[in-house]
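Coordinate analysis (summary)
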Amino acid sequence: MPRLVYLNDQFIHEEKAAISYLDLSFQRGYAVFDFFRLVGNEPLHLEDHLDRFYFSAAELRLPVGKTRDELKQIIKELLWENEIPNTGVRLQLSGGEYSNGAEFISPTLIISQVEFTPPSLSMLEEGIQIISYPHQRQLPQVKSTDYLMSIWLQPLLTQKKADDIVYHTSGLIRECPRSNFFIVSATEKLITPGDQVLKGITRMKVIQLASMSGMVEEREITLEEALNAKEAFITSTTRQIVPVVQIDGKPIGYGKPGRVTKDLMRELRRHCGIESE
Ligand code: PLP
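The structure presented is a predicted model; accordingly, all values stated were derived computationally and were not measured. (Residues numbered from 1 in each chain as written. Predicted model: local features only at pLDDT ≥ 70, side-chain atom pairs only at ≥ 80, totals over all residues. Heavy atoms only, no water.)

Looking only at helices and strands, the protein chain has nine helices and 15 strands in total. Expected size for 277 residues packed as a compact globule is a radius of gyration near 19 Å; at 19 Å, the protein chain falls within 12% of this value. Across its three principal directions, the C-alpha atoms of the protein chain cover 55 × 40 × 35 Å. Taking as baseline every contact in the protein chain between residues at least 6 positions apart, the subset at least 24 positions apart corresponds to 69%. (Helix = DSSP H or I, 4+ residues; strand = E, 2+ residues; numbered from the N terminus. Rg over C-alpha atoms; globule rule 2.2 N^0.38 Å. Contact = heavy atoms within 4.5 Å.)

Let us look at the domain arrangement of the protein chain. One frequently used descriptor of interface size is the decrease in accessible area upon assembly of the parts. Looking at the protein chain, the domain boundaries give domain 1 (4-114) and domain 2 (121-272). The C-alpha centroid of domain 2 is placed 27 Å from the C-alpha centroid of domain 1. Between domain 1 and domain 2, the contact holds 18 residues from the first and 18 residues from the second. At the junction of domain 1 with domain 2, the criterion picks out one salt bridge. Between Lys 205 and Asp 48 there is a salt bridge, with its nearest N and O atoms 2.8 Å apart. (Domains from an automatic or database assignment. Salt bridge = Lys/Arg side-chain N within 4 Å of Asp/Glu carboxyl O.)

With that settled, consider the sheet that holds strand β2 (residues 10-13). Whether parallel or antiparallel, the strands of a sheet pair through hydrogen bonds between backbone atoms. What the six strands build is an open sheet, ordered β2-β1-β6-β5-β3-β4; its pairing is antiparallel. Single-partner strands in this sheet number two, and they are β2 and β4 (42-43). Across seven bridges, the pairing between strand β3 (residues 31-39) and strand β5 (residues 88-94) is antiparallel. Within β5, the residue paired with Phe 36 across the bridge is Val 89. Sheet contacts for helix α2 (residues 46-59): β3, β4, β5 and β6 (108-114); angle to β3, the most-contacted strand, approximately 175°. (Pairing = 2+ DSSP bridges. Axes fitted to C-alpha atoms, helices over the stretch in contact; angles between N-to-C directions.)

A few words now on the site of the ligand. Near the ligand you find 17 residues, and of these Arg 52, Lys 143, Tyr 147, Thr 202 and Thr 237 are the closest. Here Lys 143 contributes a side-chain N or O atom positioned 2.6 Å from an oxygen atom of the ligand. Between the ligand and Thr 237, the relevant distance is 2.6 Å, taken from an oxygen atom to a side-chain nitrogen or oxygen of the residue. For the ligand, the accessible surface in isolation is 390 Å², of which the surrounding protein chains cover 95%. Elements with a minimum of two residues in the shell around the ligand: α7 (201-213) and β13 (231-236). For the shell around the ligand, a count of residues per class yields five nonpolar, seven polar and five charged. (Near = heavy atom within 4 Å. Polar contact = N/O pair within 3.5 Å; in protein donor to acceptor, adjacent residues only side chain to side chain. Areas by Shrake-Rupley, 256 points an atom, 1.4 Å probe, with all protein chains shown as cover. Nonpolar A, V, L, I, M, F, W, Y, C, P; charged D, E, K, R; others polar.)

Interaxial distance between α2 and α7 falls to 10 Å at its minimum, and their mutual angle equals 130°. As far as their axial angle goes, α7 and α2 are oblique. In this structure, the crossing between α2 and α7 has a hand that is right-handed. Of the residues in α7, those in contact with Asp 48, His 49 and Arg 52 of α2 are Ile 201, Met 204 and Lys 205. (Parallel < 35°, antiparallel > 145°, perpendicular 65-115°, else oblique. Left-handed = near helix turned anticlockwise from the far one by under 90°.)

Time to look at the layout of surface pockets. Approximately 640 Å³ is the volume attributed to the largest pocket. In terms of lining, the largest pocket is formed by 31 residues, of which the most central are Phe 35, Lys 143, Arg 178, Ser 236 and Thr 238. When residues of the lining of the largest pocket are traced back to their parent elements, those giving at least two are β3, α7 and β13. In terms of residue class, the lining of the largest pocket is built from twelve nonpolar, eleven polar and eight charged. Both domains that furnish three or more residues to the lining of the largest pocket are identified here as domain 1 (4-114) and domain 2 (121-272). Each pocket or cavity is described by its volume, and for the second largest pocket that value is around 350 Å³. Taken together, 19 residues form the lining of the second largest pocket, with Gly 29, Gln 138, Leu 139, Ser 144 and Asp 146 sitting closest to its centre. (1 Å grid on protein atoms, 1.4 Å probe; cavity = no way out; pocket = protein on both sides within 12 Å on 5 of 7 lines; lining within 4 Å. Points joined across faces, edges and corners; volume = space filled by probe spheres on them.)

Tracing the sequence through the fold places Ser 56 in helix α2. A residue is classified by how much of its surface remains accessible, and Ser 56, at 0% relative accessible area, is buried. In this structure Ser 56 touches Val 32, Gln 141, Val 142 and Lys 143, once residues within four positions along its chain are discounted. (Buried < 20%, exposed > 50% of the residue type's maximum accessible area, 1.4 Å probe, protein only.)

Moving on, we get to the side chain of Asp 48. Its place among the elements puts Asp 48 in helix α2. Not counting residues up to four positions away in its chain, the partners in contact with Asp 48 are Ile 201, Met 204 and Lys 205.

Right, let's get into the nonpolar core. Counting residues in hydrophobic clusters, the biggest one holds 36 residues, and the most contacted among them are Phe 181, Ile 183, Leu 190, Val 206, Phe 233, Ile 247 and Leu 264. Secondary structure elements with two or more residues in this core: β7 (128-134), β10 (180-184), β11 (190-192), α7, α8 (223-227), β13, β14 (240-247) and α9 (259-272). For this core, the leading source of residues is α9, giving five residues. Excluding its chain neighbours within four sequence positions, the residues that come into contact with Leu 264 are Leu 190, Val 206, Ala 210, Phe 233 and Ile 241. Core analysis: the second largest hydrophobic core is formed by 25 residues, Leu 4, Val 32, Leu 79 and Val 142 among them. (Core = buried A, V, L, I, M, F, W, Y, C linked by side-chain atoms within 4.5 Å.)

Next comes the structure, spelled out in C-alpha cells:
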C-alpha cells in the first residue's frame, strides 16, 4: 500500500507528493522541520516537538498556517490512514515559492511518516568513536534543514574510521550534527553545553531525569574537559542515548560505556516506553 503524505492541505500518495523547483527550500535552503517517533502508534513527546516546530517557524518568520489543534488532527489522520507503527513523523515547513525573502505568502507544509534506523546493538553496548571539528551551526536553536556541513564531512568520517563528529568553536564543545553532547565529570555531575546548540527534546528529558537523582549543569565544556571526562554520551530522538568511548582517538574514562551512562540509557528507555530497539 503506498503511504500517504500531507502536502499543503491535501493527503496524497507519497509518489505524487512534489513541490515546485522554485520552492525556497531548494532555491535557498530556507526551511525548518521537526521529527518525532512513534511508540507503537502513539507519538512520543508530541507537545515538546510541536513547541519546537512552532518556535523554529517563528524564528524564520514562517507562518505555519495551522493551529496546534489542526496540526494534531492532521497527524492523527495521517497515522490512522498509514497504519505503520514504530516509525517517525517529519513536519517540514519551507518559505514556499521564491519571494523577496521578507515575507512568505504561501509556505510549503509537508507531514510525512518515515522509517528510521535505530542505533545498532554494538553502538549501544560498546559505544562510539567520534572526532571533533570546528563549526558552529547557524541560528543554532532553530531546527533548520541545513545539514550541509554534516554531509560534507562524511568522507572525513570514513577516512578517520569514526562514527560521528562533535562540533566545537574555539575549543568549546557545541553539539554533534544530529545529537546533543553530554559528559559525566569525575564527581559524577552531568554537564552539557547550554548555549549555541539545538535544544534537543531528548537532551531535555535526560536533564529532567538526571536532575531527580544528581547534579546537572548546563554550561560551556572545553574540548580538553571532554577528553578528560569520566564518561561521555550523545542524545537524539532516533538514537536516544549512545555512549561515546573515544574522542579524536583518545579513550574517554576507561574507554567503555560507563555506569552513569548505562543507568540513564535504561531510565530513558523506561520513561519513553521503549523496551528494546
Ligand atoms: N542537535 C542537532 C543539530 C540536531 O539536528 C538534533 C536532532 O536532529 C539534535 C541536536 C537532537 O535533538 P532531539 O533530541 O530533539 O532529536
